[in-house]
Amino acid sequence: MTAAPPLVAEVPVLTVRPARGGRWQRLPLKAKAGAVLLGIFALAGIFGPLVSPYDPSFQSPSLSLSMHAPYGAHWLGTTQSGQDVFSQLLFGIRLTLELAVVVGAIATALSVIVGVTAAFLGGLWDDLLSLTSNVFLVIPSLPLLILLLGYLPQQGQTPTIIVLAALGWPWGARVIRAQTLAIRNRDFVAASRETGERTWRIIAFEIVPNEVSLIAASFVNTVLYAIGASVALAFIGLADLNSWSLGTILYWAQSQQALTLGAWWWFVPPGIAVALIGTGLVLLNTGIDELGNPRLRDARASRSARPADPTPVWQQETPPRGPLTRLAASFSRSALLSEQRERP
Amino acid sequence: MSFILRRLAFYVGAAWVALTLNFLIPRAMPGNAVQSIMAKFPNLQPAAYRALEAMLGVGHPGSLWHQYVSYLGDVFRLNFGTDVLEFPAQVSTLLAETIPWTLILVGTATVMAFAIGTGLGIIAGWRHGGWLDRLLPGLMFFQAVPYFFLALIMIEVLAVRANIFPIGQGYGEGVVPGWNAPFIGSAIYHSLLPAFTIVITSMAGWMLQMRNVMITTIGEDYVVAAQAKGLRPSRVVLTYAARNAILPQLQGFGLALGFVVSGAIIMEIVFSYPGIGLLLLNAVNAKDYPLMQAIFLVITFAVLISNLILDFVIVAFDPRARTKEAV
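As the structure is a prediction and not an experimental result, all values here were calculated from the model.

Explanation requested: the overall build of chain A in the structure shown.
Of the regular secondary structure elements, chain A holds 15 helices and 0 strands. Within chain A, residue pairs in contact and separated by at least 24 positions form 73% of the contacts whose partners lie at least 6 positions apart.

Here you go:
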């Protein structure tokens, strides 16, 4: 076996091509499909509640409308208390997307700050930040989320957003740190350092623009995580159960025996909606990857940067370590496995 | 220091962080177990508050440091306090009843999903562009489906409509739990559908990842060299390409374990499976804080221990880790 393990991933290089032809046409097919899918849901989220046929919480007093199968007046049928499932779905998409986008934005900002800081400060700070993100990656986040939210006397959108964002940054930080380490020693960064640019300017105008595709991918991933986690949390009842999100619809369907009573129209639409939004995000992410890294496109290999992906390691770019920082770094699996190559 | 020892030190550190968070969260957040009991029984005298505090051990006497030390001691003795939901019962008793169910179901299914997914990924990567490859967009859909939703669909189709599998529960009605054939048979029968659901949902991710690494590995010179030597294709695939492609796959498995296990545990709720997940749901609904805390620790420690076991597997597979062992 050769010295280089398949752990070493290609450095995604964002090539800025001259704007020739429509940008849309040059997008990979997967990205287009993902964008269209997400666009439909975004429109449903924005305009859905405005055109929704009923108030989602309105309980029809008529007994014949309890758990009615879909028909003309109720496109997706009704719940046990005669609420319109279609209206709930439209409101639910809005709330779920809102939460996911806000969580994604906050958590991605945190990952960029932590990742870039770690790579730039280097030394002990780098290792401490990396160690922290490794620790939070190995501690399962869902039980911790449940514990944090369970202790709140009142559930709501804001606490959920704060908690999800606070636990959602380590993955992105890891990837962005690796990329920053790779870019940091490139010639153009050295050139701007030589011309006397201040560090924050180098970071803001040289480093971060070169990580746009990575940051976008990290954002999409975090949105995916936020949707999955928030739906799961709502499903076990850790959400404001009087508001309508995709998770709370599923919670009520489950707790009011939709399954055993055969009311498929109650739990299938919200579940499919979650799955389709998720698929859209995965497709978009694969597309972003291919856009940023032409080599992946040539190999026709699609890579979605799932949390399960190994973090790309660019060991040759790692700055020299002192004894203390060496110790701090020597506990992470990837650092241990690549340490040999670090020694000349 | 060897690879395993260093990893062990890391897990001890992570465990300490989890323990400390578990200690700090109840003290930083509003709400506690005594309040939830008082709310449940409105006719309790205010004097009962102190008594309940003392009984549940949530009164927080002494300095923070003192509390911390006694808390760590309690955890080491597996004493998680008294349960609120089933009041006089000890939390550790409840856990002991449910952990085996989850361990067997989720553990077996997760390992199976990883093995099958990796196997299919090897084939898909090797036969790049073949029929398995064309299933990928469908697999992305499975990756995005929440576990518990697929569980709902499975029950609807295979249990309610087709009536092949039981709708839920860990074993049939009228079966006495114990080491007897009817019970074990019933338990296995009831676990088939949940296990199948876990395998279907988490398999896709492993397959996708293994396929991608395989495609990269196949392009390596040593694989081309092996083919040029005229080795049998099966040998090239397994001992040259897959042998190396599996290393990042194993590392990815360790990192994703927390996600997979948490998802599977939520899924238990849908099946009313008598494991940790259902216990967690009840704990959340009843604001049963001692139980919630204990479950968080149990899941975290399970993931940490699995990661340690995985490190042993990595040592077996990865010569870089082995040479570190020898040093």
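Having seen it, we continue.
In this structure, what is going on with the environment of B:Gly130? I would like to understand it.
Residues and elements named next belong to chain B. Here Gly130 is to be found in the loop between α5 (91–126) and α6 (131–134). Judged by local crowding, Gly130 falls into the exposed class, with 12 C-beta atoms found within 10 Å. Spatially, the C-alpha atoms of Gly130 and Gly178 are 48 Å apart, while their sequence positions differ by 48 residues.

Hey, could you run me through the confidence of the model for chain B in this one?
Interpreting fine coordinate detail is not advised for predicted regions of low pLDDT. Residue and element names in this part refer to chain B. With 91% of its residues at a pLDDT of 70 or more, chain B shows a mean pLDDT of 81. Summarising per-element confidence for chain B, the mean pLDDT is lowest in helix α2 (residues 33–40) (68) and highest in helix α10 (residues 221–228) (88). In the model output, the complex is listed with pTM 0.79 alongside ipTM 0.81.

What's the story with unusual backbone geometry in this structure? I'm lost.
Most peptide bonds adopt trans geometry, and most residues besides glycine take a negative phi value. All names here are of chain B. Phi at Ser272 is positive, roughly 45 degrees, even though this residue is not glycine. Structurally, Ser272 is set in the loop between α11 (233–270) and α12 (276–285). For Ser272, a count of 15 C-beta atoms within 10 Å corresponds to the partly exposed category.

How should I be thinking about the nonpolar core in this particular structure?
In terms of nonpolar packing, the biggest core is built from 171 residues, with B:Ala151 and B:Ile295 touching the most fellow members. Tallying contributions element by element places α11(B) first for this core, with 21 residues.

Would you mind showing me how to read the interface of chain A and chain B here?
Interface size is often expressed as the accessible area that is lost when the parts come together. Chain A puts 59 residues into the contact, and the matching count from chain B is 72 residues. It is helix α12 (residues 264–292) of chain A that contributes the most residues to the side of chain A that touches chain B, 9 residues altogether. Broken down by class, the residue content of the side of chain A that touches chain B amounts to 38 nonpolar, 17 polar and 4 charged.

Whenever I open this one, helix α10 (residues 212–235) of chain A confuses me. Can you help?
In an α-helix there are 3.6 residues to a turn, and that puts residues three or four apart on one side. If you check α10(A), its first and last C-alpha atoms are 34 Å apart, about what 24 residues at 1.5 Å a residue would give, namely 34 Å. Burial runs high along α10(A): 21 of the 24 residues are buried.

Rules used throughout
- Residues numbered from 1 in each chain as written.
- Chains lettered and ligands numbered in written order.
- Predicted model: local features only at pLDDT ≥ 70, side-chain atom pairs only at ≥ 80, totals over all residues.
- Helix = DSSP H or I, 4+ residues; strand = E, 2+ residues; numbered from the N terminus.
- Contact = placed C-beta atoms within 7 Å.
- Buried ≥ 20, exposed ≤ 12 C-beta atoms within 10 Å, placed from the backbone.
- pLDDT = per-residue confidence, 0-100.
- Core = buried A, V, L, I, M, F, W, Y, C linked by C-beta atoms within 7 Å.
- Nonpolar A, V, L, I, M, F, W, Y, C, P; charged D, E, K, R; others polar.
- Expected span 1.5 Å × (residues − 1).

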